[in-house]
Amino acid sequence: MKKILVTGGLGFIGSHVVVELQNSGFEVVIIDDLSNSKIDVLEQITKISNIKPDFYQIDLRDKKAVRSFFNDSTIDGVIHFAAFKAVGESVQKPLDYYENNINALVYLLQEMKNRNIDHFIFSSSCTVYGQADELPITEDAPVKIAESPYGNTKQIGEEIIKDSCKAYNMNAIALRYFNPIGAHKSVKIGELPLSIPQNLIPFITQTAAGIREELAVFGDDYPTPDGTAIRDYIHVVDLAKAHVKALQRLLDKQNKENFEFFNVGTGKGSSVMEIIHSFENVTQQSLNYKIAERRKGDITAAYADTTKANEVLGWKPEETLEEALLSAWKWQQKQS
Ligand SMILES: NC(=O)c1ccc[n+]([C@@H]2O[C@H](COP(=O)([O-])OP(=O)(O)OC[C@H]3O[C@@H](n4cnc5c(N)ncnc54)[C@H](O)[C@@H]3O)[C@@H](O)[C@H]2O)c1
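Residues numbered from 1 in each chain as written. Predicted model: local features only at pLDDT ≥ 70, side-chain atom pairs only at ≥ 80, totals over all residues. Heavy atoms only, no water.

The name given to the chain in an unreviewed UniProt entry is UDP-glucose 4-epimerase, and the organism recorded there is Tenacibaculum lutimaris. Comment text from UniProt for the chain, heading Pathway (unreviewed entry), reads "Carbohydrate metabolism; galactose metabolism." The record in UniProt for the chain states the following under Subunit (unreviewed entry): "Homodimer." (UniProt positions renumbered as here; feature names shortened; annotations may be inferred.)

Below you can see the structure in the form of structure tokens.
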């Protein structure tokens, strides 16, 4: 049984990936410092899979602790989620973001290199494309100058991995996520924003639940059919399954290059207003929203061309947008 280290494995995406890895027969060990998650998630994962993953509460910025973890463990591959992820906050606290998102990555890769651990999956983001010139966005689209320190950490992260793969003969895949949403069908794990949500869906569900008074729609004057910004929303369980496919590709030595990257989205763009109306339809909740100024740094439209992931990874999303929205709402109701 292959043993996979999942960093940030108690977070939103990581927890879903842990479950999918367990479903596919992998043994999972989690490192998380609980800076943006709760220890209860470990119990919930265990309830879903009937398998308790090993857990280490380690801050990956603690180089000695990372080294001692690797000294004591035998690991076949690493999936690295642990990072700070709030775009706005990264503008206020760039050094915190560079320290966490870059140092943690470097320390992990160093320990992997020292022990010839060869398989690495990285959480990248469609933010690397900025406002792409052509839609849908293929992997050939150029990486644009980052709009935020957070976005920059993903670009730099990919460069660090690419250079490491070349120098040390490691193999890695970066998955460039579009907009992950939703929750596991068991309603035991989901997105748990510990402060005011930065993303649309948790803001919508919290508004419907009465936690937030009003949803602000940032801009209705974008050059889109209804004037609101367009994104590609992907169910987190579909996204999780893409990680298992990517890992399997590396373990089976099917990768054509040391460092590969794939878009992970649905290929379909939805505007903010379309999301609001779909949410209202599937949940029968009416949302209190108002149109507000555009938010600085937001782009007009981004949705993926997923041909490469479909054909090379053999991966396709299975869940609909409606299923994803409904699962997010069920998850929210359980929190209230
Ligand atoms: N959610 C999104 O919209 C999105 C989109 C694109 C990319 N990503 C990337 O995917 C990854 C996971 O995102 P998420 O939404 O699950 O975030 P999350 O905050 O829910 O999960 C990240 C986890 O990492 C942990 N963590 C952070 N810093 C750590 C450190 N120094 N040491 C140990 N643990 C640490 C947190 O406690 C948390 O449990 C991140 O790298 C993020 O940048 C997320």
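So that's the structure; there's more coming.
Before going further, it helps to spend a moment on the site of the ligand. If you check the shell around the ligand, you find 28 residues, and the closest are D32, N36, K85, N100 and Y150. The separation between a nitrogen atom of the ligand and a polar main-chain atom of D33 is 3.1 Å. Note that a nitrogen atom of the ligand is positioned 3.0 Å from one of the side-chain N or O atoms of D59. Taking 820 Å² as the accessible area of the ligand by itself, protein coverage stands at 96%. No other element matches the 3 residues that strand β5 (residues 119-125) contributes to the shell around the ligand. When grouped by side-chain class, the residues that make up the shell around the ligand number 12 nonpolar, 10 polar and 6 charged. (Near = heavy atom within 4 Å. Polar contact = N/O pair within 3.5 Å; in protein donor to acceptor, adjacent residues only side chain to side chain. Areas by Shrake-Rupley, 256 points an atom, 1.4 Å probe, with all protein chains shown as cover. Helix = DSSP H or I, 4+ residues; strand = E, 2+ residues; numbered from the N terminus. Nonpolar A, V, L, I, M, F, W, Y, C, P; charged D, E, K, R; others polar.)

To continue, consider the side chain of T283. Residue placement: T283 occurs in helix α9 (residues 272-283). In this structure T283 touches L326 and W329, once residues within four positions along its chain are discounted. (Contact = heavy atoms within 4.5 Å.)

Mapped onto the secondary structure, T207 falls in helix α7 (residues 200-208). For the pair T207 and K63, spaced 144 residues apart in sequence, the C-alpha to C-alpha distance is 40 Å.

For residues that are not glycine, phi is negative in most cases, and the peptide bond is trans in most cases. At the junction of L135 and P136, the peptide bond is cis and its omega measures out at -10° in the coordinates. Residue position: P136 is located in the loop between β5 and α6 (149-168). Positive phi, normally seen in glycine, also occurs at N50, with a value near 65°. Among the secondary structure elements, N50 is positioned in the loop between α2 (40-49) and β3 (54-57).

Another point: empty space enclosed by the protein. Leftover empty space is mapped by rolling, across the atoms, a probe with the size of a water molecule. Applying the stated criterion across every chain, the model contains 2 cavities of 30 Å³ or more. In this model, the largest cavity occupies a volume close to 80 Å³. Forming the walls of the largest cavity are G182, E191, P193, I201, P202, T205, A328, W331 and Q332. Looking at the lining of the largest cavity, the elements that each hand over two or more residues are α7 and α11 (321-335). (1 Å grid on protein atoms, 1.4 Å probe; cavity = no way out; pocket = protein on both sides within 12 Å on 5 of 7 lines; lining within 4 Å. Points joined across faces, edges and corners; volume = space filled by probe spheres on them.)

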